[in-house]
Amino acid sequence: AEALCAERGLRLTPLRRRVLELVWQSHKPQGAYDLLEKLDSAEGPGAKAPPTIYRTLEWLQEQGFVHRIESLNAFIGCPAPDPASGEGHSSQFFICADCGVAAEVHDHGVASAIAEQARRLGFAVEGQTVEIRGRCPGCRDEAAK
């Protein structure tokens, strides 16, 4: 994140850095209020205000450092932000319904199929989040016991 911000001429403030660290502490998507609870007053005045955390998450999302999981209204770190543009990429998320862990994959075939259907419909895609719910191997194994 530091290198990409430097390359793009952007400022990774202490609050942005801290929120990004908190998002990356877990493979489970984090809600804004969960992140607020983890921040402490040392983060600076106003850091614990909901508008501040939402602005910070929006900025991190615009830079491609985090993704928003729509169905959970939560955020997860992006392992491969686009270094060239800061624009998002198409991803698919596998979300465990039991433990909440989410895994991001980039299947270009899925993205191409969506783009082709949009083209046929004359639909201008402004963003996409493909979410697949199910059970991870660990939870399936636990349930089988």
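Residues numbered from 1 in each chain as written. Predicted model: local features only at pLDDT ≥ 70, side-chain atom pairs only at ≥ 80, totals over all residues. Heavy atoms only, no water.

1. Some thoughts on the nonpolar core
General note: in soluble globular proteins, nonpolar side chains tend to be found buried as a group. Ranked by size, the top nonpolar core spans 19 residues in total, and within it Val19, Leu35, Leu39, Ile53, Leu57, Leu60 and Phe65 carry the most contacts. For this core, the secondary structure elements donating two or more residues are α1 (2-8), α2 (14-24), α3 (32-38) and α4 (50-62). Considering each element in turn, this core owes the most residues, five residues, to α2. One finds Ile69, Ile76, Phe93 and Ile95 within the second-largest nonpolar core, a separate group that totals five residues. (Core = buried A, V, L, I, M, F, W, Y, C linked by side-chain atoms within 4.5 Å. Buried < 20%, exposed > 50% of the residue type's maximum accessible area, 1.4 Å probe, protein only. Helix = DSSP H or I, 4+ residues; strand = E, 2+ residues; numbered from the N terminus.)

2. Some details on the sheet that holds strand β3 (residues 92-96)
Taken in spatial order, the three strands line up as β4-β3-β5 in an open sheet, and their pairing is mixed. Two strands in the sheet have a free side with no partner beyond their single neighbour: β4 (102-105) and β5 (130-134). For this sheet the average axis-to-axis angle between neighbouring strands, irrespective of direction, equals 20 degrees. Where β3 meets β5, five bridges bridge the pair, whose relative direction is parallel. Within β5, the position partnered with Phe94 by the bridge is Ile132. (Pairing = 2+ DSSP bridges. Axes fitted to C-alpha atoms, helices over the stretch in contact; angles between N-to-C directions.)

3. Structural notes on the packing of aromatic side chains
Enumeration over the complete set of coordinates arrives at two aromatic pairs. Seen in terms of ring centroids, Tyr33 and Tyr54 are 6.3 Å apart; in terms of plane orientation they differ by 70 degrees. Their pairing is edge-to-face. Here the residue Tyr33 occupies a position in helix α3, and Tyr54 occupies one in helix α4, the gap between them amounting to 21 residues. A residue is classified by how much of its surface remains accessible, and Tyr33, at 48% relative accessible area, is partly exposed. Aromatic pair Trp59 and Phe65: ring centres 6.3 Å apart, planes at 55 degrees, arrangement tilted. As far as burial versus exposure is concerned, Trp59 and Phe65 are alike and both buried. Positioned above the aromatic ring of Trp59, the side-chain terminus of Arg16 is 3.9 Å from the ring centre. (Phe/Tyr/Trp six-rings, centres within 6.5 Å; stacked < 30°, edge-to-face > 60°. Lys NZ or Arg CZ within 6 Å of the ring centre and 35° of its normal.)

4. Comments concerning the pairing of β4
Every second residue of β4 is oriented toward a common face, the buried set being Ala102 and Glu104 and the non-buried set Ala103 and Val105. Here β3 pairs with β4 via four bridges, running antiparallel. Looking at the pairing, Gln92 lines up with Val105 of β4. Linking β3 to β4, which pair antiparallel, is a turn of five residues; within it Gly100 sits at a positive phi near 85 degrees.

5. Details of the environment of Ala118
By the element assignment, Ala118 lies in helix α5 (residues 108-121). Ignoring sequence-local partners within four residues, the contact set of Ala118 consists of Phe123 and Val125. (Contact = heavy atoms within 4.5 Å.)

6. Remarks on α5
Across its 14 residues, α5 extends 20 Å between first and last C-alpha, which sits within 8% of the 20 Å expected from 1.5 Å per residue. The N-cap of α5, judged by a side-chain oxygen 2.7 Å from the amide nitrogen of Gly109 a few residues on, is Asp107. At the exit of α5 stands Gly122, carrying a positive phi of roughly 70 degrees. (Expected span 1.5 Å × (residues − 1). Polar contact = N/O pair within 3.5 Å; in protein donor to acceptor, adjacent residues only side chain to side chain.)

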